[in-house]
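Chain by chain, the residues run as shown.
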Protein chains: 2
Amino acid sequence: MTTIYLAGPDVFFADAAEAGRAKKELCAKYGFEGLFPLDAELAQEESADLSTRIFRANIDGIRRCDAVVANLTPFRGVSADPGTVFEIAYARGLQIPKPVFAYTNVPDSLFTRVTATFGLAPGHAADRRDFAGDGMVVENFGLADNLMIVEAIRLQGWDMVSHTASTHDVLSSLQGFEACLTQARAHFAKVQPVYAA
Amino acid sequence: MTTIYLAGPDVFFADAAEAGRAKKELCAKYGFEGLFPLDAELAQEESADLSTRIFRANIDGIRRCDAVVANLTPFRGVSADPGTVFEIAYARGLQIPKPVFAYTNVPDSLFTRVTATFGLAPGHAADRRDFAGDGMVVENFGLADNLMIVEAIRLQGWDMVSHTASTHDVLSSLQGFEACLTQARAHFAKVQPVYAA
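Residues numbered from 1 in each chain as written. Chains lettered and ligands numbered in written order. Predicted model: local features only at pLDDT ≥ 70, side-chain atom pairs only at ≥ 80, totals over all residues. Heavy atoms only, no water.

Q: Sorry if this is basic, but what is going on with the pattern of salt bridges here?
A: Once their charged atoms are close, side chains differing in charge can pair, the charge on each being opposite to the other. Counted by the stated rule, this structure contains 18 salt bridges over all chains. We note a salt bridge from Arg154 of chain B to Asp49 of chain A, for which the minimum N-O separation is 3.0 Å. Of this pair, Arg154 of chain B sits in helix H5 (residues 147–154) while Asp49 of chain A is found in the loop between strand E2 (33–35) and helix H2 (50–64), placing the two residues in two different chains. Look at Asp49 of chain A and you get partly exposed, because its relative accessible area is 42%. Of the charged contacts, one joins Glu139 of chain B and Arg129 of chain B as a salt bridge, the two residues approaching to 3.1 Å between their closest N and O atoms. Of the two residues, Glu139 of chain B is situated in the loop between strand E7 (137–138) and H5 and Arg129 of chain B in the loop between strand E5 (120–124) and strand E6 (130–132); the sequence distance between them amounts to 10 residues. Accessibility classification places Glu139 of chain B together with Arg129 of chain B in one group, the buried group. Salt bridges linked by common partners bring Asp49 of chain A together with Glu151 and Arg154 of chain B together as one network. (Salt bridge = Lys/Arg side-chain N within 4 Å of Asp/Glu carboxyl O. Helix = DSSP H or I, 4+ residues; strand = E, 2+ residues; numbered from the N terminus. Buried < 20%, exposed > 50% of the residue type's maximum accessible area, 1.4 Å probe, protein only.)

The structure is reproduced here in structure tokens:
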């Protein structure tokens, strides 16, 4: 069965185990098997720190899966969870890159969030880029997050899913996630499984 | 010559070009050639967005370099710049992973910064992890950032460099950067260049 690594700050939710179950159920509905990072069997190496064993289990999950679906909703700041960003970039760097589908539940651009948080300073850099109120450049490409993230998704041939969730479930709403599963189903319908990665 | 991709939010500094020159000068002092992302010649594809061309140039730089030195100082929030996180993860995912050296000018742990920003809530998750004041889990591994980032560096055989800079140059201080160049020099002294990656 086609397996999907479920990347996202969902592992930090108070009800993380339940959130993982809900995502895996949706995966099954679309014909996929979801791998939720918290479900990984951690190696019992006495000599390795827990953080090391989690890292290795997550890397193993990314390498074993057929695709990644990532929750890139801003987490504790203006951008996506950096652990999730690490995982999608790792997946794209592999010799046979894994297809990555991603969603955000905050449709604003990064520019909007940075300037809402730090303000917008007058003037422009020599290359005409804008300055935020913190005195540093803020890029205005109209993208949902740093261009490395958004372009990595887009250059695969599909867009990052942008979905407006209400405040109470801004990180946990699953409508964008389900739209990613629809993208994944269309992708895997077009390719032979052996070439799917 | 051994080339080093200079990853970091330095591209967003008001004096980004000068910051790049300073890093390249230090690279030369250690026998390396530094590649600063802003110096890339962007392909003149009329059909591609500027953000797409920057993405491609950065990926090309990472693929062409022999190593990455990354500024992982927290940027506009509790964690490192997500573009930089993307780049180091991509470098580590490659079939022949690039050695990545990284520094932060903020020696606090991520746990300290998250709880300073969001507070610490009473009680614990079922797996004994702590809750921040935002109602979500905050990991307390004593690491400088998300474990995916820190463990990726550490499992290469060296630690992320932690250096305390003063407030006025917290993002731009180059002492941690120079310590990374020392790590890189020791690394490349041990390996044949052809096996260096």
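Q: I keep staring at the relation of the copies chain A and chain B and nothing clicks. Help me out?
A: Both copies of the chain are related by one operation, a rotation about an axis with a shift along it. In the superposition of chain A on chain B (RMSD 0.0 Å, axial shift 0.0 Å), the rotation amounts to 180°. Considering both components of the superposition, the chain copies are consistent with a two-fold axis. Counting the interface residues of chain A, we find that 100% of their copies in chain B are interface residues as well, pointing to one common contact surface. (Least-squares fit on C-alpha atoms with pLDDT ≥ 70 in both. Contact = heavy atoms within 4.5 Å.)

Q: Before we go on, may I ask you to explain the sheet that holds strand E4 (residues 100–104) of chain B in this structure?
A: Pairing between sheet strands relies on hydrogen bonds along the backbone, with the strands arranged either parallel or antiparallel. Residues and elements named next belong to chain B. With parallel pairing, five strands are arranged side by side in an open sheet as E2-E1-E3-E4-E8. In the strand order of this sheet, the two ends are held by strand E2 (33–35) and strand E8 (161–162), each with one partner. Bridge analysis of E4 against E8 gives two bridges, and the strand direction is parallel. Bridge assignment links Thr104 to a residue of E8, and that residue is Ser162. (Pairing = 2+ DSSP bridges.)

Q: Can you help me understand the nonpolar core in this one?
A: Among soluble globular proteins, nonpolar side chains are generally buried collectively. Val68, Phe86 and Leu181 of chain A together with Val68, Phe86, Ile88 and Leu181 of chain B are the most contacted members of the largest nonpolar core, which totals 114 residues. Sequence-distant contacts of Leu181 of chain A, defined by excluding residues within four places in its chain, comprise Ile4, Leu26, Cys27, Tyr30, Phe32 and Val69 of chain A. (Core = buried A, V, L, I, M, F, W, Y, C linked by side-chain atoms within 4.5 Å.)

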